[in-house]
Structures are given as C-alpha cells and as structure tokens.
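So you can see what is in the structure, the chains are spelled out below.
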Amino acid sequence: MRCFNMDKTTESVKGFYDKTPFPDFELDRFNTKDDLLKYAFPFAKYLNRIIPKDASIVDVGCGTGQLAALLSLGRENVVGTDLSDTSLAKANQLKEKLDLSTLRLIKTDIFKMDLNEQFDYVLCLGVLHHTHNAKEGFRHILKLSKKGGYVAIGLYNKFGRISLYLRKFLLHTILRNNEKMKELFLKKQILSFQDKERFRGWYNDQFEHPHETAHTVSEVLGWFKENDVEYINSIPTLKLAYDFNLDADNLFDKDNINLTSKHIINQLRWIFTTANDGGYFITVGRKK
Ligand SMILES: C[S@@+](CC[C@H](N)C(=O)[O-])C[C@H]1O[C@@H](n2cnc3c(N)ncnc32)[C@H](O)[C@@H]1O
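Description of the structure in this document.

Here we take up the overall build of the protein. A tally of helices and strands in the protein yields eleven helices and seven strands. In summary, the protein has a C-alpha radius of gyration of 18 Å against a globular reference of 19 Å for 288 residues, a match within 12%. C-alpha extents for the protein along the principal axes are approximately 50 × 50 × 40 Å. Burial statistics for the protein: of 288 residues in total, 35% are counted as buried. Partitioning the intrachain contacts of the protein with sequence separation of at least 6 by distance along the chain shows that 74% fall at a separation of at least 24.

Next up, the structure:
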C-alpha cells in the first residue's frame, strides 16, 4: 500500500482542480434541464437510466457536477461533494441557472467529511486515485453508504494504465518541443478533439496531473473484504471474453462469477482494451 503526504497531496490536487476543473463545461450550453441529458456523457446517461428514481445518491468528488445535476432530475435527494472551490462554483452556477432544487453541493475533503447522512448509492468516480491514500479514502466514503447500499468506485488500473505511462513519457520527452507532432499525437488519442472543453479536461487530467496512483482488481477486492462489502459487478466486466454491454447489463446487478484468478487474466487484456480510457475501471460493491 502506498501512502503519500496527506497535506501536500491534497493541496496540490486541490490547486490543480481549482485551475483546471473537471470535467468542465461552458455554462451557455445548458439552458434547460433537458440539456443536462442532451449533453451528458454516455456513462452518465447510463447511470441515470439504471439508478431508481427513489434512490438517494451522493457523488463524492463530483467535480463540476454535471453527473450529480443530471441525477438530481426527478430524484429527491442528490448530493455532490468536492474539495475544489472552482469546480464547486461551476457546479453551483449550473444548479442556480437550471433551478435544481433537489441537488445539494457541499465542499468537503473525503478524509474530513462530517456529513451525518447515508445514501442508497455512493459514487466516487475518478477520485480516490488522486488522494494520498486510496484505500483509506474508500473506508471514508463507505461511511456515506446505507447498509445494503451500493458503492461504485472508478480507479486507474495498474495494467490498463501502462499505455498511458508510455504515451506520457513520449509527450514529455521526445515530443516535448515539437508542437505539430504533439498535436498530431494527441489528436490520434481522442475522437472528440473538436470538443475543446472535453479535450482540455481530458488532456490535463491524463497528462499534467500532479498526483495519481493505479490499482489492481485484487487490491479493490481486498478493500471490499476488509470493510464487509460484497462484490457486485464491474466495468470492464471480469467475465472472460465478454464485453460489458451498457444496453443489456446492469452494473448494480450481482455478477455471480467465480472471481478466483479470472481478474488477473482480464487485467492483462485491459492493457489493450482500456488504453483509450486511460486504464479506467469501475467496481461496484454492496455494503453488508
Ligand atoms: C478527475 S476529477 C473527477 C470528477 C468527476 N467525479 C467525474 O468523474 O467527472 C477528480 C475530482 O476529485 C476531487 N478530489 C480529489 N481529491 C479529493 C479529496 N481529498 N476530497 C474531495 N474531493 C477530492 C477533485 O477536486 C476533482 O474534482
């Protein structure tokens, strides 16, 4: 287990997101509540579809808050928390502009949360690997889950991230002083390069971040075991030779697979299959 200096890490990560909030958006884009769905990323649309309307949700490390905003439509209790003032300020602009009365936004550090509340769904996507101790962070976010509630964590995978490490090395060494080659190189990696907001957020997060860690499925299963959390499902799936299908599969349905050893073989696959997503994987557990 790797631990880093808490204050230093938190300070630099906060500074980074205060300068370059994620995923970011142009407020002009959102004029009606319908625009939240219209401009949502496919995975946000998916979560909005599969999470029941009567569920309470907390999005820990919500960034600029588009996901929490979308989920708040038609739901009574949705909370977004983050550490970054700039990110929360943007999230608040969206909340006010669209009059999202069931969305609450709270500034808090994962390690110092004193929300006296528990939720049906705890989402923490792309956050823990930017903290000084992801495992400890997981323990903290679990406090927000009801007994029987779902916890979804999105993390960089140690194997899946290999390609990004190589690309990062190339960008910061051989291509460092060649703007044209750099642009070509980056263009090849993101389909929506025309979408400036998306590109800016993606580039900064992947290539310029001051702090990240990467994790294995075994590690996450270990965190689950230690904290009495039942494994439910994951994207990519741990089933061999099967790709998770957002139209047919439900991330919160129990995947009754025999976990032994399969996750090791699968993660080797992820070196190639998750390269475009920066080696990102989402695991869902259920608090016993
Ligand atoms: C990559 S962004 C992810 C944003 C959003 N969850 C998403 O998936 O688009 C990471 C977010 O985690 C927040 N964060 C990082 N460390 C944190 C901490 N210790 N406490 C609370 N939020 C934190 C950052 O401010 C940032 O907004």
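Next, the rest of the story.
The seven strands are arranged β3-β2-β1-β4-β5-β7-β6 in an open sheet whose pairing can be described as mixed. Where the open sheet ends on each side, the last strands, each with one partner, are β3 (103–107) and β6 (229–235). Strand-to-strand, the axes of this sheet are offset by a mean angle of 20°, without reference to chain direction. Sheet analysis places strand β2 (residues 78–82) next to β3, joined by five bridges and oriented parallel.

Turning to the site of the ligand, a few remarks are in order. Lining the immediate environment of the ligand, one finds 21 residues, of which Y17, G61, G63, L83 and S84 sit closest. Of the residues belonging to the shell around the ligand, the class tally is ten nonpolar, eight polar and three charged.

Right, let's talk about the pairing of strand β1 (residues 57–60) for a bit. The side-chain alternation of β1 yields two buried faces, one formed by I57 and D59 and the other by V58 and V60. The sheet contact formed by β1 and β2 spans four bridges and is parallel. Opposite V60, over in β2, you have T81 as the bridge partner. Considered for its hand, the β-α-β crossover made up of β1, helix α4 (residues 66–72) and β2 is right-handed. In the sheet, β1 pairs with strand β4 (residues 119–125) via three bridges, with the strands oriented parallel. The residue of β4 that forms the bridge with D59 is L123.

We now examine helix α5 (residues 85–98). Each α-helix turn comprises 3.6 residues. Residues three or four places apart therefore point the same way. With 14 residues, α5 should cover 20 Å at 1.5 Å per step; its first-to-last C-alpha distance of 20 Å lies within 8% of that length. Buried within α5 we find S87, L88, K90, A91, L94 and K95. With its buried residues spanning 160° around the axis, α5 presents them on a single face. In this structure, the buried side of α5 is in contact with α1 (6–19), α4, β2 and β3.

Omega for the bond connecting F22 with P23 falls within 30 degrees of zero, at -5°, which places this linkage in the cis form. By the element assignment, P23 lies in the loop between α1 and α2 (34–38). Here I235 and P236 are connected by a cis peptide whose omega angle stands at -5°. Along the chain, P236 turns up in the loop between β6 and α11 (262–273). At D24, a residue that is not glycine, the phi angle is positive and equals roughly 75°. Residue position: D24 is located in the loop between α1 and α2. When the 21 C-beta atoms within 10 Å are taken as the criterion, D24 is described as buried.

What follows concerns the environment of V229. Position of V229 among the secondary structure elements: in strand β6. Each C-alpha atom, one on V229 and one on K45, is 26 Å from the other, the two residues being 184 residues apart in sequence. In this structure, V229 is in contact with V151, F224, G285, R286, K287 and K288, ignoring residues within four places of it in sequence.

Our focus in this paragraph is the environment of A89. Relative to the assigned elements, A89 resides in helix α5. The class of A89 is partly exposed, set by 14 C-beta atoms lying within 10 Å. Put simply, A89 and P52 are 37 residues apart on the chain and 28 Å apart in space, counted from C-alpha to C-alpha.

Parameters at a glance
Each chain carries its own residue numbering, running from 1 in the written order of its sequence. Per-residue local features are limited, in this predicted model, to residues with pLDDT of at least 70; the limit for side-chain atom pairs, both in listing and counting, is 80 or more; totals at the level of whole chains, interfaces and linings are taken over all residues. Elements are defined by DSSP. Helices are runs of H or I of four residues or more, strands are runs of E of two residues or more, and each kind is numbered from the N terminus. As defined in this context, the radius of gyration uses C-alpha atoms, and a globule is described by 2.2 Å times the residue total to the power 0.38. With C-beta atoms placed from the backbone, a residue counts as buried when 20 or more other C-beta atoms lie within 10 Å of its own, as exposed when 12 or fewer do, and as partly exposed for counts between those limits. We call two residues in contact when the distance between their C-beta atoms, placed using the backbone, is within 7 Å. Being paired, for any two strands, means DSSP has found at least two bridges between them. Think of each axis as a best-fit line through the C-alpha atoms, taken over the contacting stretch in the case of a helix, with angles from 0 to 180 degrees between the N-to-C directions. By definition, a residue lies near a molecule or strand provided its backbone-derived C-beta atom is within 6 Å of it. Lys, Arg, Asp and Glu make up the charged group, whereas Ala, Val, Leu, Ile, Met, Phe, Trp, Tyr, Cys and Pro make up the nonpolar group; the residues left over, Gly among them, are polar. Clockwise travel from the first strand over the helix to the second, with the strands pointing away from the viewer, marks a crossover as right-handed. One less than the residue count of a helix, multiplied by 1.5 Å, gives the span that helix is expected to have. When we speak of the arc, we mean the arc of directions from the helix axis to the C-beta atoms.

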